[in-house]
2 protein chains.
Amino acid sequence: MELRQLKYFLKAKELLNFTEAANSLNISQSTLSQQIKQLEDELQISLFNRIGKRITLTEAGALFSGFALQSISKANEGFQLLKDLNNLNTGKIAIGVTYALRDILTQTVIEFNTKYPEIEFEIVFGTSKELIEKLNHFELDVILTFEEIITENHFKYQALFTSPMTLVTATESALKNKKSISLKDISKLSLALPAKGYSTTQFISDAFAKSKLHPKVAIEINDIPTLLELVKSGNWYTILTQTTIKNEKGISCIPIEGKNMTRTAMIISIKEVYEKKAVKVFLDILKSLL
Amino acid sequence: MELRQLKYFLKAKELLNFTEAANSLNISQSTLSQQIKQLEDELQISLFNRIGKRITLTEAGALFSGFALQSISKANEGFQLLKDLNNLNTGKIAIGVTYALRDILTQTVIEFNTKYPEIEFEIVFGTSKELIEKLNHFELDVILTFEEIITENHFKYQALFTSPMTLVTATESALKNKKSISLKDISKLSLALPAKGYSTTQFISDAFAKSKLHPKVAIEINDIPTLLELVKSGNWYTILTQTTIKNEKGISCIPIEGKNMTRTAMIISIKEVYEKKAVKVFLDILKSLL
DNA sequence: AGCATCAATCGATAAAACCGATTTGTAAAA
DNA sequence: TTTTACAAATCGGTTTTATCGATTGATGCT
């Protein structure tokens, strides 16, 4: 059992196709086939079912894959630690972020980059659900999102700031002079909301359910800039945290009445995983900008 | 970076001597030297300082070794899981135990072995300190001991039963008719106690300190059967949990007065590590015997 | 039936892990 | 200081194995 074989196995598991996996790994199909077989021989159990010309993962393969991933990850974390030890002249930060936190992220990336121009970024926008999935697969170092209802034990949470939930309107709206608005009043309006999966949408539907109200949802959409365009048209309203529309023109926001109508921005990372020095510095800059 | 190299590295780290490490690994010193060098080249950092003819671990080596161990352990845990998946016809249980729990261990091992004769045992008697050290190095699957003052976050603790602290005397002792005894009275007696490192000794000295008393410790000894022989002579007394001397002949015990004069037997294992099926079954049998 | 696809297998090659012998460098002993 | 002993590094050669391309065999699709 070698790390090489574990890598091969995981790629084959991911694609469930030896030929494609071999291409992806830049080895021949024959090599991959042999190495998987060798691993199976050593483990004395099949990792894949060969059903005709297609393969599926066995129960053993499914159970084993978690450990294989952990084994590789630990080795990589060790490697990463050594790189960091030298300096911040190399490396990559992978950050997941919800659209609402775009502004603070952008500021931080710009400032970080002037100080450490060699560090690469991978920035992934997505729903909380998608980001947490990626975090769990070690595809992201850290994510920035709002607090979740369910907290997971192996995550580390750091609160950043709170932001009120607001009704977002076109600037020239009938409601433009209101200082605040109730959920009941909102339930009379035609709404365009972020798609399910966005934590904001979950939060809103929970809030309405608690008040035994039903929002009029005319549009669900999974792209926030487009959502804002729709709102600017004046035909619909939406509900977002105030932070989301900071620096946006042509729209205004009205705080929603009621306690607990605020959300807390969070940094989420995996507890037991070594935190890259570059990530630490990045987060320090982020916090200093608040 | 391959698991093979990580294993070589860890053995070299352990022995801090390439020649001995190579022997222990059944490879030549030249191979070990080359493989370590190759690993260092890949990691672009030295893992060992070569000071003359002797080697020491660098800071990088020390930091990296934890990840190397984790990487290997995760791979091994995956392997173990697959073995367990098949059956309980193979495998090994490594148990650490303090002498006090010898009786319950023995019963469990006997019963387990009649059901699963293929499973091997490695049984290590030692002080709590020694056992916890071994548990942390993945040399033991589980340990049986009394509760510690300090609990560690990455351990899982399962309470088994409580046992009173007792003064142990030769059966034909001047104290034989006493139903209980105070710490103050004990402080007048000549004691033989288990060596430092035994959790019982720690517990006793704490108890005396709280009562501002000083025990008369005539003998410290790191072997419990011998300790009991000394007590049987009638020249000394000792303090042990009642469980420890269950089924021992020629000695009697007198409960010690005062609250908190009991200890709780514990199963301790590492939280995040996969628990072997055989270990689970073993512990189930152990609990059923209580 | 014929074709396309994919994993397994075969034989050959290139890479690498490995070994024994030797060298180099240091520390301890004389 | 010189000698001796020891331990890691290096060298050249051998063995092992990872890899490849080509082929085979089995399956699903048209």
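The name that an unreviewed UniProt entry assigns to chain A is Transcriptional regulator, LysR family, with the source organism given as Flavobacterium aquidurense.

Examining the overall build of chain A
Summing up its helical and strand segments, chain A has 10 helices and 11 strands in all. Overall, chain A is about 75 × 50 × 30 Å in size when its C-alpha atoms are taken along their principal axes. The buried share of chain A, taken over its 290 residues, is 48%. Summing over all exposed atoms, chain A offers an accessible surface of approximately 14500 Å²; the carbon and sulfur share of this is 49%. Taking the average location of the 35 positive side-chain charges in chain A and that of its 32 negative ones, the two points are 5 Å from each other.

Comments concerning the UniProt feature "domain: HTH lysR-type" (unreviewed entry) in chain A
As annotated by UniProt and renumbered to match this structure, "domain: HTH lysR-type" (unreviewed entry) occupies residues 1–58 of chain A. As annotated, residues 1–58 of chain A comprises 62% helix and 14% strand, and the C-alpha atoms at either end are separated by 18 Å.

Remarks on the relation of the copies chain B and chain A
Applying a rotation about an axis and a shift along it to one chain copy brings it onto the other copy. Overlaying chain B on chain A yields an RMSD of 0.3 Å, the required transformation being a rotation through 179 degrees with an accompanying axial translation of 0.2 Å. Viewed as a symmetry operation, the transformation between the two copies matches a two-fold axis. When each C-alpha of chain B is compared by its distance to the rotation axis, Ser71(B) comes out closest, at 2.0 Å. Same-surface contact between copies: 100% of interface residues of chain B are shared with the interface of chain A.

Let's talk about the domain arrangement of chain A
Residue and element names in this part refer to chain A. The domain architecture assigned to chain A consists of domain 1 (3–84), domain 2 (88–160 + 265–288) and domain 3 (162–262). Between the C-alpha centres of domain 2 and domain 3 the distance comes to 26 Å. In this assembly, 14 residues from domain 2 lie in contact with 14 residues from domain 3. In total, domain 2 and domain 3 occlude about 1100 Å² of area from one another, counting both sides; carbon and sulfur atoms represent 59% of this. If you sort the residues of domain 2 by the area they bury against domain 3, Tyr 99, Asp 103 and Phe 146 come out on top, with a joint share of 43%. Across the contact surface, domain 2 and domain 3 share 2 salt bridges. Arg 102 is paired through a salt bridge with Glu 248; the nearest N and O atoms lie 3.8 Å apart. Between the two partners, domain 2 and domain 3, sit 1 residue pair in polar contact (both at pLDDT 80 or more). Residue assignment for the side of domain 2 that touches domain 3 shows that the elements contributing at least two residues are α5 (102–115), α6 (128–136) and β5 (142–146).

Remarks on the protein's contact with DNA strand C
Taken together, 23 residues form the shell around DNA strand C, and within it Phe18(A), Thr19(A), Ser33(A), Arg50(A) and Ser28(B) come nearest. Near the protein, meaning within 4 Å, the atoms of DNA strand C are sugar or phosphate in a fraction of 64%, with bases accounting for the rest. Interatomic distance of 2.8 Å between a side-chain N/O atom of Gln29(A) and a base nitrogen of DNA strand C. Taking Thr31(B), its side chain carries an N or O atom lying 2.8 Å from a phosphate oxygen of DNA strand C. Residue assignment for the surface near DNA strand C shows that the elements contributing at least two residues are α2 (18–25) and α3 (29–43) of chain A together with α1 (3–15) and α3 (29–43) of chain B.

A short note on the packing of aromatic side chains
Under the defined criterion, the tally for this structure stands at 18 aromatic pairs over all chains. Pairing Tyr99(B) with Phe125(B) gives two aromatic rings, centres 5.7 Å apart and planes at 45 degrees, and the pair type is tilted. Residue Tyr99(B) is found in the loop between β3 (92–97) and α5 (102–115), and its partner Phe125(B) is found in strand β4 (residues 120–125); the two are separated by 26 residues along the sequence. Over the face of the ring belonging to Phe79(A) we find Lys83(A), whose NZ or CZ atom lies 4.7 Å from the ring centre.

Quick word on the side chain of Thr244(A)
Residue and element names in this part refer to chain A. Mapped onto the elements of the fold, Thr 244 is located in the loop between β9 (238–241) and β10 (251–255). Residue Thr 244 is classed as buried on the basis of its relative accessible area of 9%. Separated by 2.7 Å, the side chains of Thr 244 and Thr 241 make a polar contact.

So, the interface of chain B and chain A
It is common to report an interface's size as the accessible area lost on association of the parts. Taken together, the contact between chain B and chain A spans 27 residues of the former and 27 residues of the latter. The tally of links between chain B and chain A comes to 2 salt bridges. Between Arg4(A) and Glu2(B) there is a salt bridge; the shortest N-O distance is 3.8 Å. Where chain B packs against chain A, one counts 5 residue pairs in polar contact (both at pLDDT 80 or more). Of all the elements in the fold, those that place two or more residues in the side of chain B that touches chain A are α1, α3 and α4 (59–86) of chain B. Residue contributions to the side of chain B that touches chain A peak at 16 residues, all from α4(B).

Brief notes about the nonpolar core
Judged by nonpolar contacts, the single largest core of 56 residues is most densely connected at Leu6(A) and Leu6(B). Of all the secondary-structure elements, those providing two or more residues to this core are α1 (3–15), α2, α3 and α4 (59–86) of chain A together with α1, α2 (18–25), α3 and α4 of chain B. Residue contacts for Leu6(B): discarding those within four places in its chain leaves Leu3(A), Ala75(A), Met1(B), Leu39(B), Phe64(B), Ala68(B), Ser71(B) and Ile72(B).

Re the protein's contact with DNA strand D
Looking at DNA strand D, there are 23 residues lining it, with Ser28(A), Phe18(B), Thr19(B), Ser33(B) and Arg50(B) nearest. For DNA strand D, the backbone portion of the atoms within 4 Å of the protein, that is sugar and phosphate, comes to 65%. Within the side chain of Ser30(A), an N or O atom sits 2.8 Å from a base oxygen of DNA strand D. The set of elements that each furnish at least two residues to the surface near DNA strand D consists of α1 and α3 of chain A together with α2 and α3 of chain B. Of the residues belonging to the surface near DNA strand D, the class tally is 4 nonpolar, 14 polar and 5 charged.

Considering the pairing of strand β11 (residues 262–270) of chain A
Residues and elements named next belong to chain A. Among the 9 residues in β11, 8 count as buried, and that is most of the element. Across 9 bridges, the pairing between strand β6 (residues 155–170) and β11 is antiparallel. Each bridged residue has a counterpart across the sheet, and for Thr 162 the counterpart in β11 is Thr 264.

Considering the packing of α1(A) against α2(A)
Residues and elements named next belong to chain A. Here α1 crosses α2 at 130 degrees, and the two axes come no closer than 8 Å. Here α1 lies oblique to α2, going by the angle between them. Judged by the twist between their axes, the crossing of α1 over α2 is right-handed. On α2, the residues touching Lys 7, Tyr 8, Lys 11, Ala 12 and Leu 15 of α1 are Phe 18, Glu 20, Ala 21, Ser 24 and Leu 25.

A short note on the pairing of β3(B)
Residue and element names in this part refer to chain B. Within β3, 5 of the 6 residues are buried, which leaves it mostly tucked inside the rest of the structure. Across 6 bridges, β3 lies against β4 in parallel orientation. Counterpart to Gly 96 in the pairing with β4 is Val 124. For the crossover that starts at β3, traverses α5 and ends in the parallel β4, the hand is right-handed. Sheet topology note: the β3/strand β5 (residues 142–146) ladder contains 3 bridges and is parallel.

About the thresholds
- Residues numbered from 1 in each chain as written.
- Chains lettered and ligands numbered in written order.
- Predicted model: local features only at pLDDT ≥ 70, side-chain atom pairs only at ≥ 80, totals over all residues.
- Heavy atoms only, no water.
- Helix = DSSP H or I, 4+ residues; strand = E, 2+ residues; numbered from the N terminus.
- Buried < 20%, exposed > 50% of the residue type's maximum accessible area, 1.4 Å probe, protein only.
- Areas by Shrake-Rupley, 256 points an atom, 1.4 Å probe, with all protein chains shown as cover.
- Lys, Arg positive; Asp, Glu negative; His and termini not counted.
- Charge placed at Lys NZ, Arg CZ, Asp CG, Glu CD.
- UniProt positions renumbered as here; feature names shortened; annotations may be inferred.
- Least-squares fit on C-alpha atoms with pLDDT ≥ 70 in both.
- Contact = heavy atoms within 4.5 Å.
- Domains from an automatic or database assignment.
- Buried area = accessible area lost by both parts, 1.4 Å probe.
- Salt bridge = Lys/Arg side-chain N within 4 Å of Asp/Glu carboxyl O.
- Polar contact = N/O pair within 3.5 Å; in protein donor to acceptor, adjacent residues only side chain to side chain.
- Near = heavy atom within 4 Å.
- Phe/Tyr/Trp six-rings, centres within 6.5 Å; stacked < 30°, edge-to-face > 60°.
- Lys NZ or Arg CZ within 6 Å of the ring centre and 35° of its normal.
- Core = buried A, V, L, I, M, F, W, Y, C linked by side-chain atoms within 4.5 Å.
- Nonpolar A, V, L, I, M, F, W, Y, C, P; charged D, E, K, R; others polar.
- Pairing = 2+ DSSP bridges.
- Axes fitted to C-alpha atoms, helices over the stretch in contact; angles between N-to-C directions.
- Parallel < 35°, antiparallel > 145°, perpendicular 65-115°, else oblique.
- Left-handed = near helix turned anticlockwise from the far one by under 90°.
- Right-handed = clockwise from strand over helix to strand, strands pointing away.

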